[in-house]
Amino acid sequence: MRRSLLLSFALLPLAFAAPAEAQDNLREVYFLDLVKSRTGNTIVVEADPDTEILVFNGGELALDNRNLIVVARHARIDADTIIKSFGLVSRLPRPGRPPQAAAGADGAEPGAAGADGVTGTPGAAGDNGSPAGKVVLRIGEIAGNGRLLVNLDGQDGGKGQEGGQGGDGGKGADGKAGKCGADPIQAGGAGGWGGIGGQGGPGGRGGNGGILIYSDALARLIEAGRFAFSTASGQPGSGGDPGEPGNVGLGGDGAPASAPCAAGVDGAPGSRHFGASPGPMGAPGRDGTAAKDENE
């Protein structure tokens, strides 16, 4: 199954058996210049096997969901050249937060307490990281002292959205007035509590690592550190921050009274329900693969 994936490209033929001409007689063509011509989802960089030498003269190429095939009988690495999966290593955090939850109802009867605010809405999930693409490097003889570095790590998942704020507590109802020495003087109702904030959104999944196929000539450069690669999975996104609790509800006013009777006590304000949790971390992606070209 893995081999069928690795060889699913329509690979361009390249014979490495013929002896190379002296490199001084070959016309230099530059890797990043040839990359500028892109069609579809695959970039093909090809140097004429009889007249051209492909030169890696530094710089970076971010594939950003594209595949890459490089075919060259003759190549030279003059400066460190990087081929990487993405220009943006991680998906951006999910922006914003849900609207604030509904407030609790005010006290309905004289002296009744206000209701607690509604729990905040959970945040939305973070964006999943994109999987890295496929790179085939069919390169023959290689000169030069630079390095070719290939990073086909999957993209990291994005952070989840912040949870929504809890609803505000409802206001306590005012106390009912009475007659001094006859009806009791009523206290104001207590204010409702601010609702607990919403849970943070789950983080996005990490993207899968890519697939790399490289030639025997490149394999011989690994030990010297002139060719290095990575095909790791992207990191899972972190969970979103918990939402803030709602604001406290105000207590109702105590009922007034004439002397010598005391007026009713004002209702106490509510408090705030804390304890919302951050969102769970996203799932990890799968590691990719790297192997020497069996099709040479």
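Q: What exactly am I supposed to notice about the overall build of the chain here?
A: On a plain count of helices and strands, the chain comes out with 3 helices and 9 strands. Starting at the N terminus, the α and β elements of the chain follow one another as α-β-α-β-β-β-β-β-β-α-β-β. Here the chain holds 296 residues, and 42% of them are scored as buried. Restricting to contacts in the chain with at least 6 residues of sequence separation, those with at least 24 account for 83%. Here the chain has roughly 14,300 Å² of accessible surface; of this, 52% comes from carbon and sulfur atoms.

Q: Is there a simple way to think about the nonpolar core in this case?
A: The nonpolar side chains of soluble globular proteins are, as a tendency, buried together. Counting 29 residues, the largest nonpolar core has F31, L54, L68, L137, L148 and F227 as its most contacted members. Elements with a minimum of two residues in this core: helix 2 (31-35), strand 2 (42-46), strand 3 (52-62), strand 4 (67-84), strand 5 (134-143), strand 6 (148-151) and strand 7 (211-214). At 6 residues, strand 4 tops the list of elements feeding residues into this core. Excluding residues that lie within four positions of it along the chain, L137 makes contacts with V70, L148, V150, L212, I213, Y214, S215, L218 and F227.

Q: Which parts of the structure should I look at to understand the pattern of salt bridges?
A: Pairing between side chains becomes possible if they bear opposite charge and their charged atoms approach one another. Tallied over the full model, the rule gives 14 salt bridges. Here D50 and R73 are joined by a salt bridge, their closest N and O atoms 3.4 Å apart. With D50 in the loop between strand 2 and strand 3 and R73 in strand 4, this pair connects stretches of sequence that are 23 residues apart. In this structure D50 comes out as partly exposed when scored by relative accessible area, which is 44%.

Q: Honestly, the environment of S90 in this entry has me stumped. Any pointers?
A: Tracing the chain through its elements places S90 in the loop between strand 4 and strand 5. Along the backbone, S90 and D127 are 37 residues apart, and their C-alpha atoms lie at a distance of 9.6 Å.

Q: I keep staring at unusual backbone geometry and nothing clicks. Help me out?
A: Peptide bonds are trans in most cases, and residues, glycine excluded, mostly fall at negative phi. At D64, a position not held by glycine, the phi torsion is positive, near 50°. Counting through the fold element by element, D64 comes out in the loop between strand 3 and strand 4. For D64, a relative accessible area of 35% corresponds to the partly exposed category. Here N65, not a glycine, exhibits a phi torsion of approximately 75°, which is positive. Note on placement: N65 falls in the loop between strand 3 and strand 4.

Q: Help me understand the confidence of the model for the chain, please; the structure alone is not making it clear to me.
A: Low pLDDT means the predicted atomic positions in that stretch should not be read closely. Here the chain averages 88 in pLDDT, and 90% of its residues register 70 or above. A low-confidence stretch, residues 1-21 stays under pLDDT 50, and its non-local contacts, those more than four residues away or across chains, total 38 contacts.

Q: Explain the packing of aromatic side chains to me, please; I cannot follow it from the model alone.
A: To describe a pair of aromatic rings, one takes the distance between the centres and the angle between the planes. Inspection of every chain in the model, using the stated rule, returns 4 aromatic pairs. Aromatic side chains Y214 and F227 sit 5.4 Å apart centroid to centroid with 65° between the ring planes, which places their arrangement in the edge-to-face category. Here the residue Y214 occupies a position in strand 7, and F227 occupies one in strand 8 (residues 227-230), the gap between them amounting to 13 residues. Neither Y214 nor F227 differs from the other in exposure class; each is buried. Look at Y214 and F229: their rings are 5.3 Å apart centre to centre, the planes differ by 35°, and that puts the pair in the tilted class. With Y214 in strand 7 and F229 in strand 8, this pair connects stretches of sequence that are 15 residues apart. Owing to a relative accessible area of 9%, Y214 belongs among the buried residues under this scheme. For F229, a relative accessible area of 31% puts it in the partly exposed group. Each residue in the set Y214, F227 and F229 is aromatic and connected to the rest through ring pairs, giving one cluster.

Conventions adopted
Residues numbered from 1 in each chain as written. Predicted model: local features only at pLDDT ≥ 70, side-chain atom pairs only at ≥ 80, totals over all residues. Heavy atoms only, no water. Helix = DSSP H or I, 4+ residues; strand = E, 2+ residues; numbered from the N terminus. Buried < 20%, exposed > 50% of the residue type's maximum accessible area, 1.4 Å probe, protein only. Contact = heavy atoms within 4.5 Å. Areas by Shrake-Rupley, 256 points an atom, 1.4 Å probe, with all protein chains shown as cover. Core = buried A, V, L, I, M, F, W, Y, C linked by side-chain atoms within 4.5 Å. Salt bridge = Lys/Arg side-chain N within 4 Å of Asp/Glu carboxyl O. pLDDT = per-residue confidence, 0-100. Phe/Tyr/Trp six-rings, centres within 6.5 Å; stacked < 30°, edge-to-face > 60°.

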